[in-house]
Every structure is written in C-alpha cells, then in structure tokens.
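Overview (structure and organization)
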Amino acid sequence: GEDVEQSLFLSVREGDSSVINCTYTDSSSTYLYWYKQEPGAGLQLLTYIFSNMDMKQDQRLTVLLNKKDKHLSLRIADTQTGDSAIYFCAESPNTGNQFYFGTGTSLTVIP
Amino acid sequence: DTEVTQTPKHLVMGMTNKKSLKCEQHMGHRAMYWYKQKAKKPPELMFVYSYEKLSINESVPSRFSPECPNSSLLNLHLHALQPEDSALYLCASSQDLTTGRAQYFGPGTRLTVL
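Just so it is clear, the structure is predicted and the values come from calculations on it, not from any experiment. (Residues numbered from 1 in each chain as written. Chains lettered and ligands numbered in written order. Predicted model: local features only at pLDDT ≥ 70, side-chain atom pairs only at ≥ 80, totals over all residues. Heavy atoms only, no water.)

1. Thoughts on the overall build of chain A
Worth spelling out the cut-off: Per the convention used, a helix needs a DSSP run of H or I reaching at least four residues, while a strand needs a run of E reaching at least two, with both numbered from the N terminus. Here the globule rule reads 2.2 Å times residues to the power 0.38, and the radius of gyration is calculated from C-alpha atoms. Throughout this description, buried means an accessible area under 20% of the type-specific maximum (1.4 Å probe, protein chains only), exposed means over 50%, and partly exposed covers the range between. By definition in these notes, contact holds between two residues if any of their heavy atoms fall within 4.5 Å. Where accessible areas are quoted, they stem from the Shrake-Rupley method and a 1.4 Å probe; at the residue level, only the protein chains shown are allowed to cover. Positive residues here are Lys and Arg, negative ones are Asp and Glu, while His and the chain termini are left out of the count. Lys charges are placed at NZ, Arg charges at CZ, Asp charges at CG and Glu charges at CD.
Across its full length, chain A carries 0 helices and 11 strands. Reading the secondary structure of chain A in the N-to-C direction produces β-β-β-β-β-β-β-β-β-β-β. Taking 111 residues into account, the globule formula puts the C-alpha radius of gyration at 13 Å, and chain A, at 13 Å, falls close to it. Projected onto the principal axes, the alpha-carbon positions of chain A cover approximately 40 × 30 × 20 Å. Within the span of chain A, comprising 111 residues, buried residues form 46% of the whole. Sequence separation of 24 or more characterises 55% of the internal contacts of chain A that already satisfy a separation of 6 or more. Element-wise, carbon and sulfur atoms account for 47% of the exposed surface of chain A, whose accessible area totals about 5,300 Å². Charge centroids of chain A, computed over 8 positive and 13 negative side chains, lie 5 Å from each other.

Here is the structure:
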C-alpha cells in the first residue's frame, strides 16, 4: 500500500471540469480519501469512498472507484480559481489506520 | 467542529536550540499523528499515538521526541536538529485507529533550522 501514484500537474480553465486520477496498489484498502492542500496550509479532507462503492457524489465533487484496476478519480465540476491547490489521494489498507498518500497533483485553474 | 490547532505557525531555530511544537484537538479523538512534509511532497508519517500511548514510531531520529500529555494534546519536542529537518510539520487526529477513520489535519508548523 505504499506506491500511490498521481499525475503531478493539471491545468484547466475556469468553469471546466477537472479530473484528478490516482492509482493505488493495496487491494485490501477499504477506504480511499481525497485531500486538498492550499499553499502554506494543512490538508483539508474533501471526501472519501468505501471500497464497496463505485461512485460517490458530493456537490461539485464526484469520486469514481474502479477496484479491479485500483484506480480512483476525483472530478470537480465547474472548477473555480479557489480550487487551485495540490490534491492528494490516500488509501487506508485493512490493517490499522495508517494512511498512504499519493504523490499529489497540483491543479492550476486559469481564469 | 473538525478543528485541529497547531502552534506556533512558524518557527526558526538554530541547531543547538530546544523547542516544542504543540497540537490540540477537542473532537474527542483518541488517535493523534505527527507528519513531516517537504515542499511539493506528500506527508510522511512520523509518530502515531493511540489512547495517549505511542503506537507507531516510523524510525524517526531521537532528536524528535513526541509526547501526549492527555487525549487532547500532542507535543513534538525538538533538540539538536539539522538543516534538512526544515519542513512543514503537520498534526492530525482521528476517532481512533480503527481502519477507515478519517484523519483531520491541523494547519501545520513551518519549521526552519539554521
């Protein structure tokens, strides 16, 4: 559960949708999380999904989980400049509550 | 309320200094964590406390000394640090160590070691 990969950078225009992808390795992961980190700040929990779900929607955020391919994505609808940040996915394998974070995706929203 | 607070926000210290970082949460959480984060990198786990007892130490050098005086407070005592220890130190808490408990992070302490 230690190799969680993300694309490093994503750039989108304001108002478009953003899709941030994450590939994890531990098939026993029961929960998968998305965090947002703005410059100079801590990590803000955005949403999470349980491994028996395929999709979860929360306002502008949609999480898709493909457990077979160990692929997680976060879609942000109507992306705003305030969404510019680094986004980390994290997996929680089925052994204790130790989180393994992805490499982070830096999202830039162009006005 | 899902707030974790950390003080100080910024800290500059010399290699011979002794300082402490503080973290506090009032969510009734019984698990607390220290992470170290370098610029543009994911957080790296340092320590985990569960019910005020040290549960995980990720082979952290002894110049970092954690302390959990009660269920709401977590300290990180620093002594004889090196310039490469400069980083953002993040505290987090979760309800307990049951798998799947979301971790809530504080804003971090930006540490600079001269």
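2. Side note on the sheet that holds strand β1 (residues 4–7) of chain B
Residues and elements named next belong to chain B. What counts, and what does not: Criterion used throughout: strands pair if DSSP finds at least two bridges between them. Only the contacting stretch of a helix is used when fitting its axis, a line to C-alpha atoms as for every element, and angles between N-to-C directions run 0 to 180 degrees.
Here we have 4 strands laid out as an open sheet, ordered β1-β3-β8-β7, and antiparallel in their pairing. With partners counted over all chains shown, the strands left at the sheet margins are β1 and β7 (64–70), one partner each. The average angle at which neighbouring strand axes cross in this sheet is 20°, direction not considered. Pairing of β7 with strand β8 (residues 73–79) involves 5 bridges; the strand directions are antiparallel. Of the residues in β8, the one forming a bridge with Glu67 is Asn75.

3. Describing the pattern of salt bridges
Residue and element names in this part refer to chain B. Under the convention used in this document: Note on definitions: salt bridges are taken to be side-chain nitrogens of Lys or Arg within 4 Å of carboxyl oxygens of Asp or Glu.
The final tally for this structure, using the stated rule, is 6 salt bridges over all chains. Between Asp96 and Arg101 there is a salt bridge, with the nearest N and O atoms lying 3.0 Å from each other. Given the relative accessible area of 14%, Asp96 is considered buried.

4. Some points on the side chain of Thr105(A)
Residues and elements named next belong to chain A. As a reminder of what qualifies: Here a polar contact is taken to be a pair of N or O atoms separated by no more than 3.5 Å, where protein atoms must pair a possible hydrogen donor with a possible acceptor and residues adjacent in sequence count only if both atoms sit in side chains.
Inspection of the secondary structure assignment puts Thr105 in strand β11 (residues 105–110). According to the relative accessible area criterion, Thr105 is buried, its value standing at 2%. A distance of 3.1 Å separates polar atoms of two side chains, one belonging to Thr105 and the other to Gln6.

5. Points about the interface of chain B and chain A
Stated precisely, the cut-off is as follows: The residue classification treats Ala, Val, Leu, Ile, Met, Phe, Trp, Tyr, Cys and Pro as nonpolar and Asp, Glu, Lys and Arg as charged. All others, Gly included, are polar.
The interface is formed by 27 residues belonging to chain B together with 23 residues belonging to chain A. Our enumeration of links across chain B and chain A arrives at 0 salt bridges. If you look at where chain B meets chain A, you find 4 residue pairs in polar contact (both at pLDDT 80 or more). Breaking the side of chain B that touches chain A down by element, the ones donating at least two residues are β4 (31–37), β9 (87–94) and β10 (104–105) of chain B. Split into classes, the residues belonging to the side of chain B that touches chain A amount to 13 nonpolar, 7 polar and 7 charged.

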